[in-house]
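Inside the fold
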Amino acid sequence: MSDSALKQAQLEQIKTFSANNYKPIPVVLARGEGVWVWDSDGRKYLDCLAAYSAVNQGHRHPKIIQALKDQADRLTLSSRAFHNDQMGPFLQKVCEMTGVGMVRPQALPMNSGAEAVETAIKIARKWGYEKKKVPQDQAEIIVCRDNFHGRTTAIVGFSTEAAYRGGFGPFAPGFKIIPYGSIDALREAITPRTVGFLFEPIQGEGGVLIPPAGFLTQAKALCRENQVLFMDDEIQTGLGRTGRLLCWQHEPEAAPDLLILGKALGGGVIPVSAVVAPQEVMEVIRPGEHGSTFGGNPLASAVGIASLDVIESEKLVERSAARGEYLRRRLQEAIAPVAHRVQEIRGKGLMTGVDLAPSVGKARPICEKLAALGVLVKDTREQTIRITPPLVIEEQEIDWMCEQFREALAD
């Protein structure tokens, strides 16, 4: 079978047997290493999406893969009915690295990012009833317009994206939606029943939207004044993506009360997520009240330890900050001949959004052109291209990617 026939057969197989819940770029990937991936035809692509930041450490990082293999030869699952020898060291490392500013941080491990968000919501509500003394079943959590925190029914219930909500109601009450980045709207929304403010420090799915400078600091102060938990969703922005270990650290006074982690915590190998909070917040969850069969399993824990070790030992946070500045500068230079086709380039670290000019139309065709040129990116919010390569990307690879952007926009 020829390469083109094989690819077509694979696409038809997926079309036949898969639910039609995604519309991927028509590339069938078969192998990956570092920042590069290969399709089933053997064609090479520069991965500039990194599985929505789940592959910060690069594809198949040897230290992470070795940790996976070593643990798979010992024990993969015990369930939380028993202890295992990997979860303790993993959660200690998570707390020591990410529980900045927290008193006696503790972590609750889960699997997917959406599970971690649901966990944070449950913790915040229970904390509100037990610690803040909000009347039972009246707790409110404030969220932001254009948010993306996952796809469970509770989470899509407070989304403002019609495609995420349509046909899935009725939705759970208890959420207020405010404009992203508006401190006045946050102040007005807080009531005595407010138990938490849930936000993304940069809205990735929303179009790489960055709030005004100082917003997080002001929001944290407002939450502290009103005994409201500051709930930071760093599933996509965390673990080096924005040039800080955690994105909130761009504003040092904005330390969260509840930190939500996922994606890169599993090193692009296995789903791993966690919620980190001070002990006085986490203690509201007691045995039997929340959990997961796979949460904190020894295989995921071993992978999580290795994933965090790689971020530290290879200084990926510092690399992200430097490479991100380089990427945006080189991209501006490369597209100068077709600059009228780009409305804005913005970002932090290796998280960049490119807004196309209205005259260009939607971003999807440009993403498909880039795939044909060997660069994998994804559109979001119709006219934005999101660029989030693995943090191990080199300057020469950025140079090459920027040239492909110019060619794609020149057509």
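These lines cover the structure that appears in this document, whether it is placed above or below. (Residues numbered from 1 in each chain as written. Predicted model: local features only at pLDDT ≥ 70, side-chain atom pairs only at ≥ 80, totals over all residues. Heavy atoms only, no water.)

**A look at the sheet that holds strand β12 (residues 351-356)**
So the rule is basically this: At least two bridges found by DSSP between two strands is the condition for calling them paired. Each helix is a run of DSSP H or I of at least 4 residues and each strand a run of E of at least 2, with the numbering of both proceeding from the N terminus. For helices, the axis comes from a line fit to the C-alpha atoms of the stretch in contact; other axes are also lines fit to C-alpha atoms, and the angle between any two N-to-C directions lies between 0 and 180 degrees. Contacts are assigned to residue pairs that have any heavy atoms within 4.5 Å of one another.
Read from one edge of the open sheet, four strands run β11-β12-β15-β14, paired in antiparallel fashion. In this open sheet, the two edge strands, each paired with only one partner strand, are β11 (342-348) and β14 (378-380). Direction aside, the axes of adjacent strands within the sheet are offset by 25° on average. Sheet topology note: the β11/β12 ladder contains six bridges and is antiparallel. Within β12, the position partnered with Lys-348 by the bridge is Met-351. Against the sheet, helix α12 (residues 316-334) contacts β11, β12 and β15 (384-387), and its axis sits at roughly 165° relative to β11.

**Points about the environment of Val-284**
Counted only if it meets this: We call a residue buried when its accessible area falls under 20% of the maximum for its residue type, exposed when it is over 50%, and partly exposed in between, using a 1.4 Å probe and counting protein chains only.
For Val-284, the location among the structural elements is in the loop between α10 (279-282) and α11 (298-313). Val-284 gets classed as buried once you look at its relative accessible area, which sits at 0%. Each C-alpha atom, one on Val-284 and one on Tyr-129, is 9.6 Å from the other, the two residues being 155 residues apart in sequence. Discounting residues that sit within four places of it in the chain, Val-284 has contacts with Ile-123, Lys-126, Trp-127, Glu-130, Lys-131 and Glu-289.

**Quick notes on helix α4 (residues 87-98)**
Side chains three or four residues apart in an α-helix point the same way, a direct result of the helix having 3.6 residues per turn. Threshold: Helix span, as expected, comes to 1.5 Å for every residue beyond the first.
For α4, built from 12 residues, the straight-helix expectation of 16 Å at 1.5 Å per residue is met to within 8% by its first-to-last C-alpha distance of 16 Å. Looking at α4, one finds that the buried residues are Met-87, Phe-90, Leu-91, Lys-93, Val-94, Cys-95, Met-97 and Thr-98. Residues of α4 that are buried in the fold lie against β4 (105-110), β9 (258-261), β10 (273-278) and α11.

**Concerning the side chain of Ser-301**
Its location among the elements puts Ser-301 in helix α11. With residues up to four places along the chain from it excluded, the contact list for Ser-301 reads Gln-86, Met-87, Phe-90 and Gly-296.

**A closer look at the pattern of salt bridges**
Our working rule: Salt bridges are counted wherever a side-chain nitrogen of Lys or Arg sits within 4 Å of a carboxyl oxygen of Asp or Glu.
All chains considered together, the criterion is met by 27 salt bridges. The closest approach of N and O atoms between Arg-286 and Glu-130, which form a salt bridge, is 2.8 Å. Separated by 156 residues along the polypeptide, Arg-286 in the loop between α10 and α11 and Glu-130 in helix α5 (residues 113-132) bring together distant segments of the chain. Here Glu-130 falls in the partly exposed class, since its relative accessible area comes to 27%. Each of Arg-329, Arg-330, Glu-333, Asp-399, Glu-403 and Arg-406 takes part in one network of salt bridges that share partners.

Honestly, it's all geometry; don't read function into it.
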